[in-house]
Amino acid sequence: MSYRVCLVCMGNICRSPMAEVVLRRTLDEHGLGGRVVVESAGTGGWHVGDPMDERALGILAEHGYDGAAHRARQFTEDWFDRYDLVLAMDRDNTANLRRLAPGGVEVRLFRSFDAGAPDGAEVPDPYYGGREGFEEVLTMLETASEGVAGHIADEID
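Structural notes, computed from the coordinates.

Rules and cut-offs
Residues numbered from 1 in each chain as written. Predicted model: local features only at pLDDT ≥ 70, side-chain atom pairs only at ≥ 80, totals over all residues. Heavy atoms only, no water. Axes fitted to C-alpha atoms, helices over the stretch in contact; angles between N-to-C directions. Helix = DSSP H or I, 4+ residues; strand = E, 2+ residues; numbered from the N terminus. Parallel < 35°, antiparallel > 145°, perpendicular 65-115°, else oblique. Left-handed = near helix turned anticlockwise from the far one by under 90°. Contact = heavy atoms within 4.5 Å. Nonpolar A, V, L, I, M, F, W, Y, C, P; charged D, E, K, R; others polar. Core = buried A, V, L, I, M, F, W, Y, C linked by side-chain atoms within 4.5 Å. Buried < 20%, exposed > 50% of the residue type's maximum accessible area, 1.4 Å probe, protein only.

## Section: the packing of helix H1 (residues 15-29) against helix H4 (residues 131-156)
It is at 8 Å that the axes of H1 and H4 come closest, and there the two elements cross at 45°. As the angle between them shows, H1 and H4 are arranged oblique. The crossing of H1 and H4 is right-handed. Seen from H1, the contacting residues are Arg 15, Met 18, Ala 19, Val 22, Leu 23, Thr 26, Leu 27 and Glu 29; seen from H4, they are Phe 134, Val 137, Leu 138, Leu 141, Glu 142, Ser 145, Glu 146, Val 148, Ala 149 and Ile 152. The residue makeup of the contact of H1 with H4, split by class, is twelve nonpolar, two polar and four charged.

Below, the structure is given as structure tokens:
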């Protein structure tokens, strides 16, 4: 049986698919890749079926990641049963997910697993900015992914 994680942002073309790719590699590096399924989705449906944002793909590729296979999906209420852990990129998406969630389901911020981040830290949306925003997001995702991997290791061992 696999442990299942879903990473969620607004449109599933920038932050959450970047986090999906980064977390997969981090889990592989920790020897957990074959035991954990990592997926991503958006709370909105306007990009469903679209590939990852070109700028996100470019930044990932420059750092040795491959996000080319990604296609955007929308998170729906019935998905909560599929996952052991649902992580949102920001407070707005956390609130949207909590409105959908059945009682007892925990939704956490992705950066809550970054020991150096302040309480309530978010992964900002780089969509309307430039290259530096995508670089900043990648750094945040890499750092928090280490904490997520540690949490999952504790959960499945």
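That was the structure; now back to the text.
## Comments concerning the nonpolar core
Judged by nonpolar contacts, the single largest core of 36 residues is most densely connected at Val 5, Leu 7, Met 18, Phe 110 and Leu 141. Of all the elements in the fold, those that place two or more residues in this core are strand E1 (3-9), H1, strand E2 (36-42), helix H2 (54-62), strand E3 (85-88) and H4. With nine residues, H4 is the largest single contributor of residues to this core. Sequence-distant contacts of Val 5, that is, excluding residues within four places in its chain, are made with Leu 23, Val 36, Val 37, Val 38, Glu 39, Tyr 83, Leu 85, Leu 87 and Ile 152. One finds Val 8, Phe 75, Trp 79 and Tyr 83 within the second-largest nonpolar core, a separate group that totals twelve residues.

Taken by themselves, the reported measurements are silent on function.
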